[in-house]
Amino acid sequence: MVVYSFYIFDRHTECIYSRLWARQERPISLGGATARPISDSSAASNGVTPDIGPARARPARLSAQDDAKLIFGTIFSLRNMVRKLGGQDDSFISFRTGQYKLHYYETPTSIKFVMLTDTQTLNMRNVLHQIYVNLYVEFVVKNPLSPVEHPGGEGVANELFELALDQFITKVL
């Protein structure tokens with residue numbers, strides 16, 4: 001089992017904690033009809049000039065803030081779709097793509113825990129619940145120096161939480 005990343009979102013849709021362990025390399029498509037590169041000699045012989053202007057300016061990786069926004073948008077959309085199709089009693093737990101599996105746990109106070117793992121990983125809902133109960137509540141909620149609200153995405157800045165999370169994830173692996 002490989003854990004790629006872990007996110008915590010507050011009830012105001014702000015990412016208050018994110019951690020990347022392993023990043024999966026994804027090929028970047030330049031767009032167009034073919035993904036095959038065009039060499040200068042074949043382009044000159046065909047009289048076609050390759051147009052890769054916008055693709056060249058695009059960064060190879062998204063920023064951590066953009067990643068968090070995309071993850072939350074995906075969760076928000078899928079959770080709403082599950083509730084509309086299945087009713088209020090059904091809940092969104094996880095989904096899998098060809099590259100990763102996203103695990104989701106939402107607390108009664110609308111704090112959302114998200115973990116991205118490899119596709120072979122079994123359901124991690126219990127693991128996310130344990131992270132909430134044993135780590136987040138103990139090191140963040142019960143900490144008198146930790147803010148109750150996280151305005152403007154002010155994150156969880158607690159070294160004990162980070163160390164305990166690293167140890168917990170290593171132990172689960």
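Residues numbered from 1 in each chain as written. Predicted model: local features only at pLDDT ≥ 70, side-chain atom pairs only at ≥ 80, totals over all residues. Heavy atoms only, no water.

J.: Help me understand the pattern of salt bridges in this model?
T.: In a structure, side chains of opposite charge can pair up when their charged atoms sit close to one another. This structure, assessed with the given rule, holds 4 salt bridges. Across the salt bridge formed by Asp-166 and Arg-19, the nearest N and O atoms sit 2.7 Å from each other. Separated by 147 residues along the polypeptide, Asp-166 in helix 5 (residues 159–172) and Arg-19 in strand 2 (residues 15–20) bring together distant segments of the chain. For Asp-166, a relative accessible area of 23% translates into the label partly exposed. Its salt-bridge partner being Arg-79, residue Glu-106 comes within 3.1 Å of it at the nearest N-O pair. One end of the pair, Glu-106, is in strand 4 (residues 101–106); the other, Arg-79, is in helix 3 (residues 64–86), with 27 residues separating them in the sequence. In the salt-bridge network here, residues are joined through shared partners; they are Arg-79, Glu-106 and Lys-112. (Salt bridge = Lys/Arg side-chain N within 4 Å of Asp/Glu carboxyl O. Helix = DSSP H or I, 4+ residues; strand = E, 2+ residues; numbered from the N terminus. Buried < 20%, exposed > 50% of the residue type's maximum accessible area, 1.4 Å probe, protein only.)

J.: Any chance you could explain the sheet that holds strand 1 (residues 3–9) here in plain terms?
T.: Two modes of strand pairing occur in sheets, parallel and antiparallel, and in both the strands are linked by backbone hydrogen bonds. As summarised here, the arrangement of the 5 strands in space is 2-1-5-4-3, forming an open sheet in which the pairing is antiparallel. At either margin of the open sheet sits one strand with a lone partner, and together these are strand 2 and strand 3 (94–96). With direction set aside, neighbouring strand axes in the sheet form an average angle of 10°. Note that strand 3 and strand 4 share 3 bridges and pair antiparallel. Bridge assignment links Phe-95 to a residue of strand 4, and that residue is Leu-102. Sheet strands touched by helix 3: strand 1, strand 2, strand 3, strand 4 and strand 5 (112–117). Its angle to strand 1, the strand with the most contacts, is close to 75°. Packed onto the sheet, helix 4 (residues 125–141) meets strand 1, strand 2, strand 4 and strand 5 and runs at close to 50° relative to strand 4. (Pairing = 2+ DSSP bridges. Axes fitted to C-alpha atoms, helices over the stretch in contact; angles between N-to-C directions. Contact = heavy atoms within 4.5 Å.)

J.: Is there a simple way to think about helix 5 in this case?
T.: Because the α-helix completes a turn every 3.6 residues, residues three or four places apart line up on one side. With 14 residues, helix 5 should reach 20 Å at 1.5 Å per residue; the first-to-last C-alpha distance of 20 Å fits that figure. Within helix 5, the full set of buried residues consists of Phe-161, Ala-164, Leu-165, Phe-168 and Ile-169. In an axial view of helix 5, the angular spread of the buried residues amounts to 130°, which keeps them on one side of the axis. Across from the buried face of helix 5, at angles greater than 90 degrees, the exposed residues are Glu-159, Leu-160, Leu-163, Gln-167, Thr-170 and Lys-171. Looking at the buried side of helix 5, the elements it contacts are strand 1, strand 2, strand 5 and helix 4. Taking the backbone nitrogen of Leu-160 as reference, a side-chain oxygen 3.0 Å away marks Asn-158 as the first, capping residue of helix 5. (Expected span 1.5 Å × (residues − 1). Arc of directions from axis to C-beta. Polar contact = N/O pair within 3.5 Å; in protein donor to acceptor, adjacent residues only side chain to side chain.)

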